Amino acid sequence: MVGSIEVKSGNYVYSNGNVHNHNGLEEKLDELRQILGKANGDLLRIVCVGAGAWGSVFAALLQDSYGQFRDKVQLRIWRRAGRAVDRATAEHLFEVINSREDVLRRLIRRCAYLKYVEARLGDRTLYADEILKDGFCLNMIDTPLCPLKVVTNLQEAVWDADVVINGLPSTETRDVFMEISKYWKERLTVPIIISLAKGIEAELDPVPHIITPTQMINRATGIPVENILYLGGPNIASEIYNKEYANARICGSEKWRKPLAKFLRQPHFIVWDNSDLVTHEVMGGLKNVYAIGAGMVAALTNESATSKSVYFAHCTSEMIFITYLLTEEPERLAGPLLADTYVTLLKGRNAWYGQMIAKGELSLDMGDSISGKGTIQGVSAVGAFYELLSQSSLNVLHPGENKPVAPVELCPILKTLYKILIKREQGPMAILQALRDENLNDPRDRIEIAQSHAFYRPSLLGQP
């Protein structure tokens, strides 16, 4: 067990100040252990691979709930070693520590405070894996977590894991799980994998189609699709850890999604289950695309409510248009997609990135991995969706010109973001021009076009 626990009247008070009621937790843990066939004395091993904001919070939520049952479950998180914490971040971290009495007392009790003093003075270099053990995620310094058991050797972390949480960006998922597959060649049992990644890649052969993180994991490891699930929802990681009410969906096979939804559910974090794995994954990547544009509009118009509402009307109509290409029943996704889009536009890292690019405080030359924020997954998603929807094999009838065009021609915001972020042919101001529709087209027209035509292309999601 990492960290200390006090017992008071049936409640567990953790070293980060959070309080959990014992009632029901051990029963949920026992139920999952039974489903997985764990014998007495055989630990249920859960590891989170990747320590970004969401991955770290997910691991901390599990640690807060189930870490007390040391004889039944082992909870760990893997991240790469060697990532140094810069001086400015170390100074800010020191301020955060001293602003939280509970955190300060915990570090003093663990004899860990002095290293943060030395780092603040520039006399010592801290490392991301080192501070994560004390409950500090490098991408989320302002939200201290509970102490975590950190492993920097990937083989040690995953070789005997029963449940693996993919907390990696979509752009890193394939490579890391290809490495993991080397360590699973001699396995006798098949692990369960829950992916938190939101992002996609496009493949054009033999036909244009989307590749999602769960599909990457399946290809890299050979783990059956029924053992790979996706969990996502309209939430901000730091707010979930601070016990703000939130919900999410775990998607995949019924065999695993229902018991896992029950295991993960908490009073402030409601987990529903759904069978539609790939479509929910794709929607999670799609909203990141338009969040970047929303950030640009906010920055360029000095947070104009009117301009942001105009953008919202256009971007939601494009997203709905795209969902008609991807699924036979797009109306079933409208609520989850809009909710996830809304929270991302309000406070997500992709919207923040768009703002910083528009203000000139970040440069595209800095790449899409930003210190203190992690990977901006919307950038690669812009390229993937544009590449996919520009294929002539997916042509649809243009209502004004009455001729077949690639679907991307009916998505001016997506086209503009591609020119800004990928081709770098235009500056951020171009996003405002994309809103000033010279043809006076109502965003609703785009939705009506999709509704009135046979748009659904199952091949886009790899279906026959």
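The structure presented is a predicted model; accordingly, all values stated were derived computationally and were not measured.

Asks: Which parts of the structure should I look at to understand the overall build of the protein chain?
Replies: Of the regular secondary structure elements, the protein chain holds 19 helices and 17 strands. Compactness check: the protein chain gives a C-alpha radius of gyration of 23 Å against a globular reference of 23 Å for 464 residues, within 12% of the reference. Buried positions account for 57% of the 464 residues belonging to the protein chain. Of all intrachain contacts in the protein chain linking residues separated by at least 6 positions in sequence, the fraction that spans at least 24 positions is 70%. For the protein chain, the computed accessible surface area is about 20,000 Å², with 48% contributed by carbon and sulfur atoms. Separation of charge centres in the protein chain, based on 51 positive and 54 negative side chains, amounts to 4 Å.

Asks: Any chance you could explain the sheet that holds strand β4 (residues 44–49) here in plain terms?
Replies: Sheet strands associate in pairs through backbone hydrogen bonding, adopting either a parallel or an antiparallel arrangement. Spatially, eight strands are ordered β6-β5-β4-β7-β8-β11-β12-β13 in an open sheet, and the strand pairing comes out mixed. Every other strand in the sheet has two partners, leaving β6 (150–151) and β13 (269–274) as the edge strands with one partner each. Bridging between strand β11 (residues 228–232) and strand β12 (residues 246–251) involves three bridges; their strand directions are antiparallel. Its bridge partner being in β12, Tyr 230 is matched across the sheet by Cys 251. Helix-sheet contacts for helix α2 (residues 53–66) involve β4, β5 (73–78), β7 (163–166), β11 and β13, and the interaxial angle to β5 is about 160°.

Asks: It is not clear to me how unusual backbone geometry should be interpreted in this structure. Could you clarify?
Replies: Note: most residues except glycine have negative phi, and most peptide bonds are trans. Here Asp 205 and Pro 206 are connected by a cis peptide whose omega angle stands at 0°. Tracing the sequence through the fold places Pro 206 in the loop between β9 (201–203) and β10 (209–211). Look at Asn 302: it is not a glycine, yet its phi comes out positive at around 55°. Locating Asn 302 in the fold gives a position in the loop between α12 (277–300) and α13 (305–326). For Asn 302, a relative accessible area of 68% puts it in the exposed group. Its identity is not glycine, yet Arg 424 carries a phi of approximately 60°, on the positive side. Within the fold, Arg 424 resides in the loop between α17 (412–422) and α18 (430–435).

Asks: Can you help me understand the packing of α12 against helix α16 (residues 377–389) in this one?
Replies: A pair of packed helices can be characterised by two numbers: the angle between their axes and the separation between those axes. Relative to each other, α12 and α16 sit at 105°, their axes nearing to 8 Å. With respect to each other, α12 and α16 are oriented roughly perpendicular. Residues Val 282, Gly 285, Leu 286, Asn 288, Val 289 and Ile 292 of α12 pack against Gln 377, Gly 378, Val 379, Ala 381, Val 382 and Phe 385 of α16. Grouping the amino acids of the contact of α12 with α16 by side-chain chemistry returns eight nonpolar, four polar and no charged.

Asks: Help me understand the environment of Gly 284, please; the structure alone is not making it clear to me.
Replies: With respect to the secondary-structure elements, Gly 284 resides in helix α12. Taking C-alpha positions, Gly 284 is 25 Å from Ser 363, a pair spaced 79 residues apart along the chain.

Asks: Can you walk me through the packing of α12 against α17 in this structure?
Replies: Packing of α12 against α17 brings their axes to within 10 Å, and their N-to-C directions diverge by 75°. By the angle between their axes, α12 is roughly perpendicular relative to α17. Listed contacts from α17 to Val 289, Tyr 290, Ile 292, Gly 293 and Met 296 of α12 are Ile 413, Leu 414, Leu 417, Ile 420 and Leu 421. Residues belonging to the contact of α12 with α17 are distributed by class as follows: nine nonpolar, one polar and no charged.

Asks: Before we go on, may I ask you to explain the nonpolar core in this structure?
Replies: For soluble globular proteins, nonpolar side chains are generally found buried alongside one another. If you look at the biggest cluster of nonpolar residues, it comprises 63 residues, and the most contacted ones within it are Tyr 290, Tyr 353 and Phe 385. Contributions of two or more residues to this core are made by α12, α13, α15 (349–359), α16, α17, α18 and α19 (443–451). Counting residues per element, this core draws most heavily on α12, which supplies eleven residues. Looking at which domains feed residues into this core, each of domain 1 (22–82 + 149–275) and domain 3 (283–461) supplies at least three. Counting 47 residues, the second largest nonpolar core, distinct from the first, contains Ala 59, Ile 165, Ile 192 and Leu 260.

Asks: What is the right way to read the domain arrangement of the protein chain from this model?
Replies: When the parts come together, some accessible area is lost, and that loss is often what is quoted as the size of the interface. When the domains of the protein chain are assigned, the result is domain 1 (22–82 + 149–275), domain 2 (87–126) and domain 3 (283–461). Summarising the inter-unit geometry, the C-alpha centres of domain 1 and domain 2 are found 30 Å apart.

Asks: Sorry if this is basic, but what is going on with helix α3 (residues 87–99) here?
Replies: Along an α-helix, residues three or four positions apart point the same way, because every turn accommodates 3.6 residues. In this model, α3 (13 residues) spans 19 Å end to end at C-alpha, consistent with the 18 Å of a helix rising 1.5 Å per residue. All buried positions along α3 are accounted for by Thr 89, Ala 90, Leu 93, Phe 94, Val 96 and Ile 97. For α3, the arc enclosing every buried residue in end-on projection is 165°, short of the 170-degree limit, so these residues lie on one face. In α3, those exposed residues whose orientation departs by more than 90 degrees from the buried face are Ala 88, Glu 95 and Ser 99. Tucked into the core, α3 has its buried residues touching α4 (101–109), α5 (113–120) and α6 (128–133). Put simply, Asp 86 is the residue that caps the front of α3, since its side-chain oxygen is 3.2 Å from the backbone nitrogen of Ala 88.

Asks: What is the right way to look at the pattern of salt bridges in this model?
Replies: Between side chains of opposite charge, a pair can form when the charged atoms approach closely. Evaluation of the coordinates by the stated rule reveals 29 salt bridges. The salt bridge partner of Glu 303 is Lys 308, with a shortest N-O separation of 2.8 Å. Exposure remark for Glu 303: the relative accessible area of 41% places this residue in the partly exposed category. By relative accessible area, Lys 308 is classed as partly exposed at 32%. Among the charged side chains, a network of salt bridges with common partners joins Arg 110, Lys 115, Glu 118, Arg 124, Glu 130 and Asp 134.

Asks: How should the layout of surface pockets be read in this particular structure?
Replies: Taking a probe equal in size to a water molecule and rolling it over the atoms shows the remaining empty space. If you add up the space inside the largest pocket, you get close to 1,300 Å³. Those elements that provide at least two residues to the lining of the largest pocket are α2, α3, α10 (237–241), α12, α14 (334–347), α15, β14 (369–370) and β15 (374–375). Residues of the lining of the largest pocket, tallied by class, amount to 15 nonpolar, 21 polar and ten charged. The residue makeup of the lining of the largest pocket includes at least three contributed by each of domain 1 (22–82 + 149–275) and domain 3 (283–461).

Thresholds, definitions, all that
- Residues numbered from 1 in each chain as written.
- Predicted model: local features only at pLDDT ≥ 70, side-chain atom pairs only at ≥ 80, totals over all residues.
- Heavy atoms only, no water.
- Helix = DSSP H or I, 4+ residues; strand = E, 2+ residues; numbered from the N terminus.
- Rg over C-alpha atoms; globule rule 2.2 N^0.38 Å.
- Buried < 20%, exposed > 50% of the residue type's maximum accessible area, 1.4 Å probe, protein only.
- Contact = heavy atoms within 4.5 Å.
- Areas by Shrake-Rupley, 256 points an atom, 1.4 Å probe, with all protein chains shown as cover.
- Lys, Arg positive; Asp, Glu negative; His and termini not counted.
- Charge placed at Lys NZ, Arg CZ, Asp CG, Glu CD.
- Pairing = 2+ DSSP bridges.
- Axes fitted to C-alpha atoms, helices over the stretch in contact; angles between N-to-C directions.
- Parallel < 35°, antiparallel > 145°, perpendicular 65-115°, else oblique.
- Nonpolar A, V, L, I, M, F, W, Y, C, P; charged D, E, K, R; others polar.
- Core = buried A, V, L, I, M, F, W, Y, C linked by side-chain atoms within 4.5 Å.
- Domains from an automatic or database assignment.
- Expected span 1.5 Å × (residues − 1).
- Arc of directions from axis to C-beta.
- Polar contact = N/O pair within 3.5 Å; in protein donor to acceptor, adjacent residues only side chain to side chain.
- Salt bridge = Lys/Arg side-chain N within 4 Å of Asp/Glu carboxyl O.
- 1 Å grid on protein atoms, 1.4 Å probe; cavity = no way out; pocket = protein on both sides within 12 Å on 5 of 7 lines; lining within 4 Å.
- Points joined across faces, edges and corners; volume = space filled by probe spheres on them.

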